[in-house]
Amino acid sequence: MRALQLIAPGKIELRDVDVPTIESDEVLVRVAGAGLCHSDLHMLHAPIDRPPLTLGHETAGWVDTVGGEVDGFAVGDPVLVYLVWACGECRSCLEGRDNSCEVAGGRMSLPPCPGLGPAGGMAEYIAVKARYLEPLGALDPVLAGPLADAALTSHHAIAGAMHRLGPGTTAVVIGLGGLGHTGLQILSAITEATLIGVDLDQAKLDFAAAHGATHTFLSDATTADKILDITSGYGADAVFDFTGIQPTVDLAISCIAPDGCLRFVGLGGGTFQYGALPWATLPWGVDLRKSYAGNRADQRAVIELAAAGKIMLETKQYDLEDGLSAFDDLAAGKLLGRAILVPTI
Ligand code: NAD
Ligand code: ZN
């Protein structure tokens, strides 16, 4: 089968590889579509030598073959591949925090994620343990892949801030790309907050304005003051940074309100120095989360929101053969929403 593989730092290639074999508790999924995440770009440029790796952690498809011990899935069922391959049994998993699994992950490491360790979904087939599959019902698996990360991850960041997103509150979404354009719609669907969208690209701001943002701002040195103006100088009750580069980290810190929920999701390398002084760095009470992916409840919640038509991911399809142009378009900031790589078998 064909698979898009990372073969060296900075180098990906479409290669012929064997169709995976499955264990008795696994399912072979015929890939319908695999979303392309900015994390794939970070992976591409990471200076790490590793064996060839099939990328793709936003995968949906149809059940092709089921292992002997698998119940509940039949050939042809549309399924989503949940990306947190946690143990399911440790204290964190049993508490519903499987994205912080103690056994499959660790204090500074994550549970395995397809396309970042095990072979991912930018291929014609993927082998997955049945317990990491979610039924998609009537959702189209060609388009559903980004529910496994763009929607999962933004939902998780929002779910942990719901106590600060009631009536009269304000939330800022910084970076309206794959994650942010989904997060904005989730905020619009499940909260009563006034929504502010921030990006460098006017087309993304226009999309946000059409999907629930009441204010949109191009990101520059004046953005924090504009957000403070809207909130009478107090700041925003929740700020979601879906970019994580230095200017967006600076912006997030400059516009968060006292007791506000600061959620860092983007992995753009920005930093800040905490000052343990009454007047330094952050307002009192700010609650900060370095937010990773999401748990199983987040996954099911976003499938429900999509099935109910409450979130609509903007997508552009590329043939798996043209996967490299999708990477180029994402790197150049040319994509609105998410690119999906579709194998044509
Ligand atoms: P994307 O490229 O689709 O979107 C990034 C957006 O940020 C774009 O719309 C871009 O125009 C905007 N942007 C760039 N510079 C900006 C600035 N100065 N101000 C405001 N907006 C700016 O990327 P994505 O796939 O949505 O991923 C976003 C980030 O989240 C990446 O760093 C990715 O690795 C990370 N990520 C983290 C997790 C997690 O679990 N923490 C999961 C998935 C992705
Ligand atoms: Zn991702």
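Predicted model only: the values in this text are computed from it and were never measured. (Residues numbered from 1 in each chain as written. Chains lettered and ligands numbered in written order. Predicted model: local features only at pLDDT ≥ 70, side-chain atom pairs only at ≥ 80, totals over all residues. Heavy atoms only, no water.)

1. Let's talk about the overall build of the protein chain
Here is step 1: When you go through the protein chain residue by residue, the secondary structure sums to ten helices and 16 strands.
Here is step 2: Against the 2.2 N^0.38 benchmark of 20 Å for 345 residues, the protein chain shows a C-alpha radius of gyration of 20 Å, consistent with a compact globule.
Here is step 3: Dimensions of the protein chain, computed from the C-alpha atoms along their principal axes, are close to 60 × 40 × 40 Å.
Here is step 4: Looking at the protein chain residue by residue over its 345 residues, the buried ones come to 53%.
Here is step 5: Sequence separation of at least 24 residues holds for 69% of the intrachain contacts in the protein chain that already meet a minimum separation of 6. (Helix = DSSP H or I, 4+ residues; strand = E, 2+ residues; numbered from the N terminus. Rg over C-alpha atoms; globule rule 2.2 N^0.38 Å. Buried < 20%, exposed > 50% of the residue type's maximum accessible area, 1.4 Å probe, protein only. Contact = heavy atoms within 4.5 Å.)

2. Some remarks on the coordination of the zinc ion (ligand 2)
Put simply, a metal with four donors set out as a tetrahedron has ideal angles of 109.5 degrees, and one with six donors set out as an octahedron has ideal angles of 90 or 180 degrees.
Here is step 1: Within the first shell, the zinc ion (ligand 2) binds the protein through Cys37 (SG), His57 (NE2) and Asp149 (OD), at distances of 1.7 to 2.3 Å.
Here is step 2: Spacing between the donor residues of the zinc ion (ligand 2) along their common chain follows C-x19-H-x91-D. Of this pair, cysteine 37 sits in the loop between β3 (26–36) and α1 (38–45) while aspartate 149 sits in the loop between α3 (141–144) and α4 (150–159), and the two are 112 residues apart along the sequence. (Donors = N, O, S within 2.8 Å, 3.2 Å for Na, K, Ca; no water.)

3. Some remarks on the pairing of strand β9 (residues 170–174)
Here is step 1: Among the five residues that make up β9, five are buried, leaving the element largely enclosed by the rest of the structure.
Here is step 2: A two-sided burial pattern is seen for β9, the buried positions comprising Thr170, Val172 and Ile174 on one face and Ala171 and Val173 on the other.
Here is step 3: Where β9 and strand β10 (residues 194–199) come together, five bridges link them in parallel fashion. Considered in β10, the bridge of isoleucine 174 is made with valine 198.
Here is step 4: Following the chain from β9 across helix α5 (residues 178–190) to the adjacent parallel β10, one finds a crossover that is right-handed. (Pairing = 2+ DSSP bridges. Right-handed = clockwise from strand over helix to strand, strands pointing away.)

4. A few points about the pairing of strand β16 (residues 338–342)
Here is step 1: The element β16 is extensively covered by neighbouring structure, given that five of its five residues are classed as buried.
Here is step 2: Here β16 shows no split at all, with Arg338, Ile340 and Val342 on one side and Ala339 and Leu341 on the other all buried.
Here is step 3: With three bridges joining them, β3 and β16 adopt antiparallel strand pairing. Each bridged residue has a counterpart across the sheet, and for alanine 34 the counterpart in β16 is leucine 341.
Here is step 4: As judged from the five bridges shared by strand β15 (residues 315–319) and β16, these two strands associate in the parallel manner. Residue pairing in the sheet places tyrosine 318 in a bridge with leucine 341 of β16.

5. Examining the nonpolar core
Here is step 1: Grouped together as the largest cluster of nonpolar side chains are 36 residues, with contacts concentrated most on Leu147, Leu165, Ala171, Leu187, Phe240 and Ile311.
Here is step 2: Beyond its immediate sequence surroundings of up to four residues, leucine 165 is in contact with Ile158, Ala171, Leu187, Thr191, Glu192, Ala193, Ala238 and Phe240. (Core = buried A, V, L, I, M, F, W, Y, C linked by side-chain atoms within 4.5 Å.)

6. Some details on the packing of α1 against helix α10 (residues 323–331)
Here is step 1: For the pair α1 and α10, the least separation of the axes is 10 Å and the interaxial angle reads 100°. One finds that α1 runs roughly perpendicular with respect to α10. In contact with His38, Asp40, Leu41 and Leu44 of α1, α10 contributes Phe327, Leu330 and Ala331.
Here is step 2: Class assignment of the residues belonging to the contact of α1 with α10 gives a composition of five nonpolar, one polar and one charged. (Axes fitted to C-alpha atoms, helices over the stretch in contact; angles between N-to-C directions. Parallel < 35°, antiparallel > 145°, perpendicular 65-115°, else oblique. Nonpolar A, V, L, I, M, F, W, Y, C, P; charged D, E, K, R; others polar.)

7. Points about the side chain of aspartate 241
Here is step 1: By the secondary structure assignment, aspartate 241 is in strand β12 (residues 236–241).
Here is step 2: Here aspartate 241 occupies a buried position and makes no salt bridge, while the nearest side chain of opposite charge, arginine 263, is found at 12 Å.
Here is step 3: Looking at aspartate 241, its side chain comes within polar contact range of the side chain of threonine 248, at 3.0 Å.
Here is step 4: For aspartate 241, the contacting residues outside a window of four places in its chain are Ile174, Thr248, Val249, Arg263, Phe264, Val265 and Gly266. (Lys, Arg positive; Asp, Glu negative; His and termini not counted. Salt bridge = Lys/Arg side-chain N within 4 Å of Asp/Glu carboxyl O. Polar contact = N/O pair within 3.5 Å; in protein donor to acceptor, adjacent residues only side chain to side chain.)

8. Examining unusual backbone geometry
Here is step 1: A positive phi angle, close to 55°, is found at serine 232, a residue other than glycine.
Here is step 2: Along the chain, serine 232 falls in the loop between α7 (223–230) and β12.
Here is step 3: Judged by its relative accessible area of 72%, serine 232 falls in the exposed class.
Here is step 4: A positive phi angle, close to 65°, is found at threonine 281, a residue other than glycine.

9. Quick notes on the packing of aromatic side chains
Here is step 1: Applying the stated criterion across every chain yields a total of three aromatic pairs.
Here is step 2: When the ring of tryptophan 85 is compared with that of tyrosine 132, the centres are 5.4 Å apart and the planes differ by 5°; the resulting orientation is stacked. Of the two residues, tryptophan 85 is situated in the loop between β6 (78–81) and α2 (91–94) and tyrosine 132 in the loop between β7 (125–129) and β8 (133–135); the sequence distance between them amounts to 47 residues.
Here is step 3: With relative accessibility at 12%, the residue tryptophan 85 sits in the buried group.
Here is step 4: Here the aromatic rings of phenylalanine 240 and phenylalanine 242 are separated by 6.3 Å at their centres, their planes lie at 10°, and the arrangement is stacked. The pair phenylalanine 240 / phenylalanine 242 is uniform in exposure class, with both members buried. (Phe/Tyr/Trp six-rings, centres within 6.5 Å; stacked < 30°, edge-to-face > 60°.)

10. Comments concerning a nonpolar patch on the surface
Here is step 1: There is a patch of nonpolar side chains on the surface, built from Phe272, Tyr274 and Leu288 and spanning about 310 Å² of accessible area.
Here is step 2: Here phenylalanine 272 lies in the loop between β13 (256–264) and β14 (287–290). (Patch = residues over 30% accessible without salt bridge, like charges linked within 9 Å, V, L, I, M, F, W, Y side chains within 5 Å. Areas by Shrake-Rupley, 256 points an atom, 1.4 Å probe, with all protein chains shown as cover.)

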